[in-house]
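Architecture and fold: a report
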Amino acid sequence: MRFFLGRNPIKSSAVLSLVSSSSNSLLSRLVRPNRAVRSCCIDSTRRSSPESMAIPAPKSAISTIDNEVGLARRFWIKFRRESVFAMYSPFAVSLASGNLKIETFRHYIAQDFHFLKAFAQAYELAEECADDDDAKLAISEIRTTVLEELKLHDSFVQEWGLDVAKEVVVNSATVKYTDFLLATASGKVEGVKAPGKLATPFERTKVAAYTLGAMTPCMRLYAFIGKEFQELQNANEDSHPYQKWIDNYSSESFQASAVQTEELLDKLSVSLTGEELDIIEKLYHQAMKLEIEFFLSQQLVQPTVVPLIKEHNPEEYRLIIFSDFDLTCTVVDSSAILAEIAIVTAPKSDQNQSETQIVRMSSADLRNTWGVLSRQYTEEYEQCIESIVPSEKVEFNYENLHNALEQLSDFEKRANNRVIESGVLKGLNLEDIKRAGERLILHDGCTAFFQNVVKNENLNANVHVLSYCWCGDLIRSAFSQGGLPELNVHANEFTFEGSISTGEIAKKVESPTDKVQAFNDILANCSKDRKNLTVYIGDSVGDLLCLLQADIGIVFGSSSSLRRVGTQFGVSFIPLFPGLVKKQKEYIEGSSSDWKGSTGILYTVSSWAEIHAFILGW
């Protein structure tokens, strides 16, 4: 189990948000005022001290974006998940790699030609509605950018000798998108009068704002993708076949137009009510989803590396997804929760305990004991890492890394024994633990990803959670609350007398070597009727062996300890999207996209949306 020693201050809400009781006296002791918690950190082996334990504030509170950020920027941040799905689409990955078939690109340009005509028309309608001269001028300038895009498309068309207006049938995704834009620009939005009945300048300006709300995400998305693609270009490689397209959307002029569109949306929205801003948000979100559908509708005639499940026949492959729990799935480490429950539910120093109850330390003694354990863990962990990390970077060798991490495994087991012997986990109520699990905040997109995996009957996939957590009941409660009772949880377990913990732990997964042993045992017990395709998702040094053993190892977050240990042992960390683009370049018709583990390559992500988009797609 990892002590969580968080480096950044975290706002803590009442522990009552995770544990509840019908006893008023207990309620008063569980409630703690919101406060910033000063904390120290080892970011990859996170075991909690009372000073650093933080029960997160409600999700709505921690996700609130500073009101000083403009409306358009807030929407972009809120719906960034959709931008990930667009960028990870088979079309976008193939385009970025340069091996997109020319017939697909030709079809896309034809569809985009029809879309841009509607885009320009929508801007024209927005300009007519805008009451402010500056706003009219700004819309006119942005419309000019769209007309320049159409000229770029004309240059493509001339090269191919194709009349896109006549020769290509507009697909349903394009029609759906253009109909949405033009309906919005015409004032056909729920609760808005028809254009001919817009009596006041304010009503007309409101329609202009709605129109910009529906168009801004497209501009921002293309500016974002253009920049991402441009950064992937290698000066030493041959010229990219679609460099002209990339140059256009990564250009300073297009980036400026995207910013100008966002600033205009902010300006037009200043006087709108909360209800009207909600309408703009819905329009913005709808446009993002339509953009994904537009990308997905492009007719690919080639194999692609995304989504992962597309190229792996479930009759031939069994997809097995392994995941760590603490800080991979959760916002805080489970030891912080368990220790906090122990401290706030413990008796006061002068409180008599029943002879029939398991005798517990007082809350003050628990807090002090936990502090001593945490400080000792921190010091010894640092010493252990220093002792196993080579002073010079070495060539990747899995066995050498495994041998080094056996020292860390021994350290973790000694630390667990100290916790058990201290008695700090004695007397916890199982119902309190389960309630805490039900209220545990998981990272955005984590639950949705697992739901999509386990509920897809055609996927032939299994999910296993491998965790150092002291109490598997906490994990099971966290996932059951999200409608995921089917997940296979491999963790340590509290022992109970009735519903009260004895302080003993049934040790099952305590260390890096325990984790990889559990990983290998699971695979060994699989039936031999199919090949196994394994994915491991983790965030810490404790996950390193499993990450490297899996066919695909995905590192969530940015643990410096994990990076340091891995790098010194020759492990390469590659951001997932560039890694997929590189693999797509190598993936030509007739070749294999098989993923093979033990290569020393791990892929890094910053969100569960990336994992979802890569493995499952939209």
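Above: the structure in question.
Computed from a predicted structure; not experimentally measured.

A separate point is the overall build of the protein. Helix and strand counts for the protein stand at 24 helices and 14 strands. Counting across all 618 residues of the protein, residues that qualify as buried make up 55%. Across the protein, the fraction of contacts at a sequence separation of at least 24, relative to all contacts at a separation of at least 6, is 79%. Only carbon and sulfur atoms are counted for the fraction: they give 47% of the accessible area of the protein, which is about 25900 Å².

Taken as a whole and assessed by the stated rule, the structure comprises 19 salt bridges. Residue Arg 418 pairs with Glu 380 through a salt bridge whose shortest N-O separation is 3.3 Å. With Arg 418 in helix α16 (residues 398-422) and Glu 380 in helix α15 (residues 363-388), the pair connects residues that are 38 residues apart, well separated along the chain. Judged by its relative accessible area of 24%, Glu 380 falls in the partly exposed class. Residues joined by salt bridges that share partners form a network here, namely Arg 318, Asp 529 and Arg 530.

Moving on: the sheet that holds strand β14 (residues 601-605). An order of β8-β7-β5-β11-β12-β14-β13 is seen for the seven strands of this open sheet, with the pairing classed as parallel. What marks the edges here is a single partner per strand, and that holds for β8 (488-490) and β13 (572-575). Neighbour-to-neighbour, the strand axes of the sheet open up by a mean angle of 25°, direction not taken into account. Packing against the sheet, helix α22 (residues 560-568) makes contact with β12 (552-556), β13 and β14, and its axis sits at approximately 125° to β13. Strands in contact with helix α23 (residues 576-586) are β13 and β14; relative to β13, the strand with the most contacts, it is inclined by about 90°.

Moving on, we come to unusual backbone geometry. Here the bond from Val 306 into Pro 307 is cis, since omega is -15°, no more than 30 degrees from zero. Looking at the element boundaries, Pro 307 is found in the loop between α13 (274-296) and β5 (317-323). The phi torsion at Leu 327 lies on the positive side, around 70°, for a residue other than glycine. Relative to the elements of secondary structure, Leu 327 occurs in the loop between β5 and α14 (334-345). What makes Leu 327 buried here is its relative accessible area of 9%.

Relative to the 24 Å expected for 17 residues at 1.5 Å per residue, helix α12 (residues 252-268) spans 24 Å between its end C-alpha atoms, a close match to the ideal helical length. What α12 keeps buried is the set Phe 254, Gln 255, Ser 257, Ala 258, Thr 261, Glu 262, Leu 264, Leu 265 and Leu 268.

Let us look at the nonpolar core. Among the nonpolar cores identified, the biggest contains 144 residues, and Phe 229, Trp 245, Phe 449, Phe 450, Phe 479 and Phe 614 are the most heavily contacted of them. Looking at which element gives the most residues to this core, the answer is helix α10 (residues 201-231), with 15 residues. Built from parts of two domains, this core gets at least three residues from each of domain 1 (71-297) and domain 2 (317-348 + 361-616). Excluding residues that lie within four positions of it along the chain, Phe 449 makes contacts with Ile 321, Ile 537, Trp 608, Ile 611, His 612, Ile 615 and Leu 616.

Next up on the list: the packing of α10 against α13. At a minimum axis distance of 9 Å, the contact between α10 and α13 shows a crossing angle of 35°. When the axes of α10 and α13 are compared, the crossing they make is right-handed. When α10 is examined against α13, the residues Phe 202, Lys 206, Ala 209, Tyr 210, Gly 213, Ala 214, Thr 216, Pro 217, Cys 218, Leu 221, Tyr 222 and Ile 225 are found in contact with a partner set consisting of Glu 276, Ile 279, Ile 280, Leu 283, Tyr 284, Ala 287, Met 288, Glu 291, Phe 294 and Phe 295. Across the contact of α10 with α13, the residue classes break down as 17 nonpolar, two polar and three charged.

A few words now on the pairing of strand β10 (residues 500-506). Pairing analysis gives two bridges linking strand β6 (residues 426-429) to β10, with the strands arranged antiparallel. Bridge pairing in β10 links Lys 426 to Thr 502. Examined bridge by bridge, strand β9 (residues 493-497) and β10 share four bridges and lie antiparallel to one another. Bridge pairing in β10 places Glu 497 opposite Ile 500. In sequence, β9 turns back onto β10 through a hairpin of two residues, with Gly 498 there showing a positive phi of about 70°.

This part takes up the sheet that holds β6. Hydrogen bonds along the backbone pair up the strands of a sheet, which may run parallel or antiparallel. Strand order in the open sheet made by the three strands is β6-β10-β9, with antiparallel pairing throughout. Whereas interior strands pair on both sides, the edge strands pair on one side only; in this sheet they are β6 and β9. Sheet twist, expressed as the average angle between the axes of neighbouring strands with direction ignored, equals 55°.

With that settled, consider the side chain of His 107. Here His 107 lies in helix α6 (residues 102-129). Beyond its immediate stretch of four places on either side in the chain, His 107 contacts Val 168, Asn 171, Gln 298 and Gln 299.

A few words on the environment of Ile 321. Along the chain, the position of Ile 321 falls in strand β5. According to the relative accessible area criterion, Ile 321 is buried, its value standing at 0%. For the pair Ile 321 and Ile 537, spaced 216 residues apart in the sequence, the C-alpha separation amounts to 7.9 Å. Here Ile 321 is in contact with Phe 449, Phe 450, Val 453, Asn 462, Val 463, His 464, Val 535 and Ile 537, once residues within four sequence places are set aside.

Turning our attention to the packing of α14 against helix α17 (residues 430-438). In contact at an axis separation of 11 Å, α14 and α17 are set at 135° when each is read in the N-to-C sense. Classified by the angle their axes make, α14 and α17 are oblique. Once α14 is placed against α17, the crossing between them reads as right-handed. Taking contact as the criterion, the partners of Ile 337, Leu 338, Ile 341 and Thr 345 in α14 are, on α17, Asp 432, Ile 433 and Ala 436. Across the contact of α14 with α17, the residue classes break down as five nonpolar, one polar and one charged.

Take the packing of aromatic side chains next. Scanning the entire structure with this criterion turns up 40 aromatic pairs. With a centroid separation of 5.2 Å and an interplanar angle of 70°, the aromatic rings of Phe 85 and Trp 618 are classed as edge-to-face. Pair noted here: Phe 85 is in helix α4 (residues 80-87) and Trp 618 is in the segment after α24 (608-615), with a separation of 533 residues, a long-range link. By relative accessible area, which is 3% here, Phe 85 ends up buried. The exposure class of Trp 618 is partly exposed, given its relative accessible area of 44%. The lysine or arginine in question, Lys 515, covers the ring of Tyr 468, its NZ or CZ lying 5.0 Å from the ring centre. For the cation-ring pair, Lys 583 lies above Trp 595, with the distance from its terminal atom to the ring centre recorded as 4.4 Å.

Calculation criteria
- Residues numbered from 1 in each chain as written.
- Predicted model: local features only at pLDDT ≥ 70, side-chain atom pairs only at ≥ 80, totals over all residues.
- Heavy atoms only, no water.
- Helix = DSSP H or I, 4+ residues; strand = E, 2+ residues; numbered from the N terminus.
- Buried < 20%, exposed > 50% of the residue type's maximum accessible area, 1.4 Å probe, protein only.
- Contact = heavy atoms within 4.5 Å.
- Areas by Shrake-Rupley, 256 points an atom, 1.4 Å probe, with all protein chains shown as cover.
- Salt bridge = Lys/Arg side-chain N within 4 Å of Asp/Glu carboxyl O.
- Pairing = 2+ DSSP bridges.
- Axes fitted to C-alpha atoms, helices over the stretch in contact; angles between N-to-C directions.
- Expected span 1.5 Å × (residues − 1).
- Core = buried A, V, L, I, M, F, W, Y, C linked by side-chain atoms within 4.5 Å.
- Domains from an automatic or database assignment.
- Left-handed = near helix turned anticlockwise from the far one by under 90°.
- Nonpolar A, V, L, I, M, F, W, Y, C, P; charged D, E, K, R; others polar.
- Parallel < 35°, antiparallel > 145°, perpendicular 65-115°, else oblique.
- Phe/Tyr/Trp six-rings, centres within 6.5 Å; stacked < 30°, edge-to-face > 60°.
- Lys NZ or Arg CZ within 6 Å of the ring centre and 35° of its normal.

Just geometry here; none of it tells us what the structure is for.
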